[in-house]
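Residues per chain, in single letters:
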Amino acid sequence: MLARLFPFLAIEWRLFGSCDISLFYFILTLLTRYKFWFTLNIVMDNQEPVLQQQTPTPNGASVASTPDLNASPAQNQAPIQTQTTTLPSQEVKKGNGKKLLVGLVIATIVALGVFAIFSLRPTPSIKKSVNGGKSNSSQTVNTSIAPSPTSTDPQLDQETQKIDNSMKNLDKDVKSVDQGFNDTPVNLN
Amino acid sequence: MKKVFSFILLVSLLFSTITPVYAMENGVMQKPVMVNDSSKSAENKVERLNDRANKEINRRVELLNKLITKINSVKRLTPAQKLSFVAEIQTEISSLQSLSGKIKSDTDPLVLKADVQSVIKSYKVYLLFVPKIEIIAAADRLANVADEMSSYSAKLKTRIDVAKTAGTDVSSLETLLADMNAKIADAKTQASNAIGVVLPLTPDEYPGNVAIFQSARKTIQAGRLDLVTALQDGQKIRKGLKGEKMEKMGSESAKVTKEPEPTQ
C-alpha cells in the first residue's frame, strides 16, 4: 500500500511543494485524491460475479436459492432451511475499508509532516535577520544594551537606550562606508 | 479491465495537473523573434546605451544629493569646509546633468560610446567624494557616540562613588570604569584621525589614494570596537552595582530576621 502511496507523494511534492500554492489546498488535494483512489479500488473489487445465496437441500447438496422458473411446484415446496453465512464480498469490502482508513491516516500524517516542515522552515527575511550584519566591516558584536526590565535606575536606563540607538546608527554608517567603497556602476559597455 | 481503467484514470489525473506546468515552461522558453534588420539593431543599441548612461547619471546625481545632506549634518566640520564640499558636489552634479543632455543628443555611435564611458572615467569627484564623505560622516557619528558614552560613564562613576562611601568594596568596578574611559578616549582619537586623514585627499590623486581610504576605514572600525568594549564594561558595572544593592537588601533582611524575639 505504501508503494502505491509514494509515487503519488512524489508527484504532489513536485507540483505543490515547489510552488507557492496554499498548503491547505495541498493537504486537501492529497486527502481527496487518496480517498478517491481507495474508493475506486473498492468499487472495482466489488465488481465480482454476484455470489448466490445457497440453501442446503435435504440430501446435503447445495442448490442456488435463485427462483427457478422451470422448477416444478414440488421442488419449490421443499422445506427451506436457510443458513446465514458471511458473504465474501462483504469481507472484501471490510478489507478495503481498512485499507482506506489506513491510507487516509498515512496521508494525513504525511500532509501534517509537510506542513510542519513548511511552517518551521525560516523565511528568507528571517534567514537574513539571522545572518544579518555579516559584512566584512561590522564584525558582528552584539551592541544592544537595552535596559533590563528589572532595572531600578531610570536615569541610566534612558542613557543606555540613547546609546543603543546611536550605536545602531553608527553600524549603519559603517555599512555605508563599505558601500561607498564597493560602488558598482551600471554596465556601460 | 480493472487495471486498464485505473491506469487511464491515473494518467488523466496526472496530466490534469502537469499540463499547466509544462505550458508555463514552454512559455518561458519561447525566444523572441530575431530581427535581421541591421539598422534597427543599431538603433536599438544606441537606445540601450542611452538608457543605461542616463540610469547611471541619475544614480550618481541622487547619491551626490544624499552626500550634501550628510555633509550638512556633520558636526566636526567647520562651516567653511562644509561649503567647500557642497560647492564641489554641486559642480559635479551640474557637469553630470550637462553630460546627460549631450548623450541624449548624440547621433554618432562612436561619440556616444566615448561620452558614455566618460561617465565613469572622467568624473573622479564622484569616485572620491562617496567614500570620503561616508568616512567623515561615520567618524563624526563615532565621535558623537563616544561623547554620549562619556556622559554615561560619568553617571556610572557617581554611583560607584556612592557605593564606595557606603563602605562597599568597588575596586573591581573602578577598574572596569577606568577601562571604559580609556576605550572611549581611544574611540574619539580614532574618529579624529579618520577625518584628518581623508580631508586633504583630492580627486586628482585618485585612485592612488585608495590605500589611505582603506586605512581610514580600518580606523573607524577600530573605534567602533572600542565603543563596543566600553559598552560591555558599562554593563558589567551596572550588574555589579545591582548585585551590590541586592546584597545590601539581603543583609538588611537577614538582620531583621535575626532580631531576638521579645521574651515574655
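Provided above is the structure to which this section pertains.
About the criteria used
Every chain's residues receive numbers from 1 upward, in the order its sequence appears when written. Each chain gets a letter, beginning with A, and each ligand a number, beginning with 1, in the order they are written. Residues qualify for local features only when their pLDDT is at least 70, as the model is predicted, and side-chain atom pairs are given and counted only at 80 or more; totals for whole chains, interfaces and linings, by contrast, use all residues. For the side-chain quantities, the full set of heavy atoms in the structure was used; hydrogens and water were omitted. Secondary structure follows DSSP: runs of H or I at least 4 residues long count as helices, runs of E at least 2 residues long count as strands, and numbering of each begins at the N terminus. By definition, residues are in contact when any of their heavy atoms lie within 4.5 Å. Areas reported as accessible are Shrake-Rupley estimates using a 1.4 Å probe. Residue values count occlusion only from the protein chains shown. Two aromatic rings, drawn from Phe, Tyr or Trp (for Trp, its six-membered ring), form a pair once their centres lie within 6.5 Å of each other, and the interplanar angle then sorts them: stacked below 30 degrees, edge-to-face above 60, tilted otherwise. Only protein chains enter the calculation, and the probe is 1.4 Å; a residue is then buried if its accessible area is under 20% of its type maximum, exposed if over 50%, and partly exposed in between. To define a nonpolar core, start from buried Ala, Val, Leu, Ile, Met, Phe, Trp, Tyr and Cys residues and group those joined through side-chain atoms within 4.5 Å. Axes here refer to lines fitted to C-alpha atoms; in helices the fit is confined to the stretch in contact. Angles between the N-to-C directions go from 0 to 180 degrees. Angle categories: roughly parallel below 35 degrees, roughly antiparallel above 145, roughly perpendicular from 65 to 115, and oblique for all the rest. For a crossing to be left-handed, the near helix must be turned anticlockwise from the far one by less than a right angle; the clockwise case is right-handed.

Asker: Would you explain the overall build of chain B in this entry?
Answerer: Scanning chain B for helices and strands turns up seven helices and zero strands. Its helices and strands taken in sequence order, chain B reads α-α-α-α-α-α-α from the N to the C terminus. In chain B, of all internal contacts separated by at least 6 residues, the share reaching a separation of at least 24 is 81%. Taken as a whole, chain B presents about 15700 Å² of accessible surface, with 60% of it coming from carbon and sulfur.

Asker: Explain the packing of aromatic side chains to me, please; I cannot follow it from the model alone.
Answerer: Where two aromatic rings form a pair, the distance of their centres and the angle of their planes describe that pair. All names here are of chain B. Inspection of every chain in the model, using the stated rule, returns one aromatic pair over all chains. Here the aromatic rings of Phe85 and Phe129 are separated by 5.7 Å at their centres, their planes lie at 75°, and the arrangement is edge-to-face. One end of the pair, Phe85, is in helix α3 (residues 79-105); the other, Phe129, is in helix α5 (residues 124-165), with 44 residues separating them in the sequence. For the residue pair Phe85 and Phe129, the accessibility class agrees, reading buried in each case.

Asker: Would you mind showing me how to read the nonpolar core here?
Answerer: Nonpolar side chains in soluble globular proteins tend to end up buried together. Counting residues in hydrophobic clusters, the biggest one holds 69 residues, and the most contacted among them are B:Met149, B:Met180 and B:Leu227. Looking at this core, the elements that each hand over two or more residues are α6 (154-181) of chain A together with α2 (38-73), α3, α4 (109-121), α5, α6 (171-198) and α7 (210-258) of chain B. With 20 residues, the top contributor of residues to this core is α5(B). When near neighbours in sequence (up to four residues on either side) are disregarded, B:Leu227 contacts A:Met167, A:Leu170, B:Leu142, B:Val145, B:Ala146, B:Met149, B:Ile184 and B:Ala187.

Asker: For this particular structure, what's the right way to read the packing of α3(B) against α4(B)?
Answerer: Relative placement of two packed helices is described by the angle separating their axes and the distance separating the axes. Residue and element names in this part refer to chain B. Axis separation between α3 and α4 bottoms out at 9 Å; the angle between their running directions is 155°. Judged by the angle between their axes, α3 and α4 are roughly antiparallel. For α3 against α4, the interelement crossing comes out left-handed. Taken together, the residues of α4 that come into contact with α3 (itself represented by Leu99, Lys102 and Ile103) are Val111, Leu112, Asp115, Val116, Ser118 and Val119.

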